[in-house]
Amino acid sequence: MHIPPSLYSSMRFNFLYVDRYVFRRGWTYPESYVPYCMLRYILQGSADFIIDGVPHMVQEGEVCYIPEGCQLECHAREDAFSFISIRFTTTVQLDGSDFLAEYFRIPRVTRQADPEVLGYFQQVYQNATTQNTSKLFRIRGNLELILAWLVEHTPEAHLETSSEPEADLSVEGLRRRESRTHALKRDPRVQVVVDYLVAHPAEPFDTEFLACMADMSPSSLRRLFKETTGKSPGAFVKDLRMTTAARRLLVTDERISSIAYELGFDDANYFSRIFKTFFGVSPQEYRAASRE
């Protein structure tokens, strides 16, 4: 597929978040809308990642690409399952297309990734957890090295020769694709709010403040925000806070109650219940599993 030269000059990858996750057999991530792109390097075990209704079995040493705007569901297959996950967005959106897959042929799962790719993932994670003033450049550089490796190791004929299941062309599958296409048509006013929330997950949630930022009424913000991200502002903030909590559990020795309070939860027990609905284990179990 021909790629217009102008795309290269306008293309940017905006890093959002990285973390290392450790789960046990029985872990399930219920089907949810994903408002960003993800790259996951499988460190141990295997699982089923169901992307827009199509199942993909992933296992150790593989890289999974999860596109922005998809519906994702996950199920662990083994007693120990772990991966590094990078979240990011792209500045290029063409009629709701999956830009990286349709223009660069990056598949959902890349088998037998080289050790150097794991090194890139580890560099993103390590730099994200340091205070080095150059970390943003190192994170972006390694993210682009991962994408470059995936592009270079994907045959041009991938879409015609892949053994992966074909896209769901049922009525329900087409509806999902149309829903994703609609969701990817970003409203710039909503994007300002999304960028602010991603950068300030621990700040008190205030719909009036966010509506003022977007220069619209609270009701219009709620409607357009859900159309753009698939979630209400409140649900989006809850998701961000849970991922922030998970990162702190992994990279700090802060008390769980302190993490909960800093993220706006007055009741640590309620925080623990919400955390378990997201990750399948309690905060204590999550931290312990990551350090075994």
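Residues numbered from 1 in each chain as written. Predicted model: local features only at pLDDT ≥ 70, side-chain atom pairs only at ≥ 80, totals over all residues. Heavy atoms only, no water.

1. Focus: helix H12 (residues 268–279)
Piece 1. The end-to-end C-alpha distance of H12, which contains 12 residues, comes to 16 Å, matching closely the 16 Å that a straight helix rising 1.5 Å per residue would cover.
Piece 2. Within H12, the full set of buried residues consists of Ala-268, Phe-271, Ser-272, Ile-274, Phe-275 and Phe-279. Angularly, the buried residues of H12 cover 165° about the axis, an arc narrow enough to put them on a single face. More than 90 degrees from the buried face of H12, the exposed residues found are Asn-269, Arg-273 and Thr-277.
Piece 3. Where H12 begins, the side chain of Asp-267 points an oxygen toward the backbone nitrogen of Asn-269, at a separation of 2.8 Å.
Piece 4. Looking one or two residues past H12, Gly-280 carries a phi angle of roughly 85°, positive in sign. (Helix = DSSP H or I, 4+ residues; strand = E, 2+ residues; numbered from the N terminus. Expected span 1.5 Å × (residues − 1). Buried < 20%, exposed > 50% of the residue type's maximum accessible area, 1.4 Å probe, protein only. Arc of directions from axis to C-beta. Polar contact = N/O pair within 3.5 Å; in protein donor to acceptor, adjacent residues only side chain to side chain.)

2. What to know about unusual backbone geometry
Piece 1. For Asp-52, which is not glycine, the phi dihedral falls at a positive 50°.
Piece 2. Within the fold, Asp-52 resides in the loop between strand S4 (46–51) and strand S5 (54–59).
Piece 3. Residue classification places Asp-52 among the buried positions, given a relative accessible area of 17%.
Piece 4. Backbone geometry places Asp-215, a non-glycine residue, at a positive phi of 60°.

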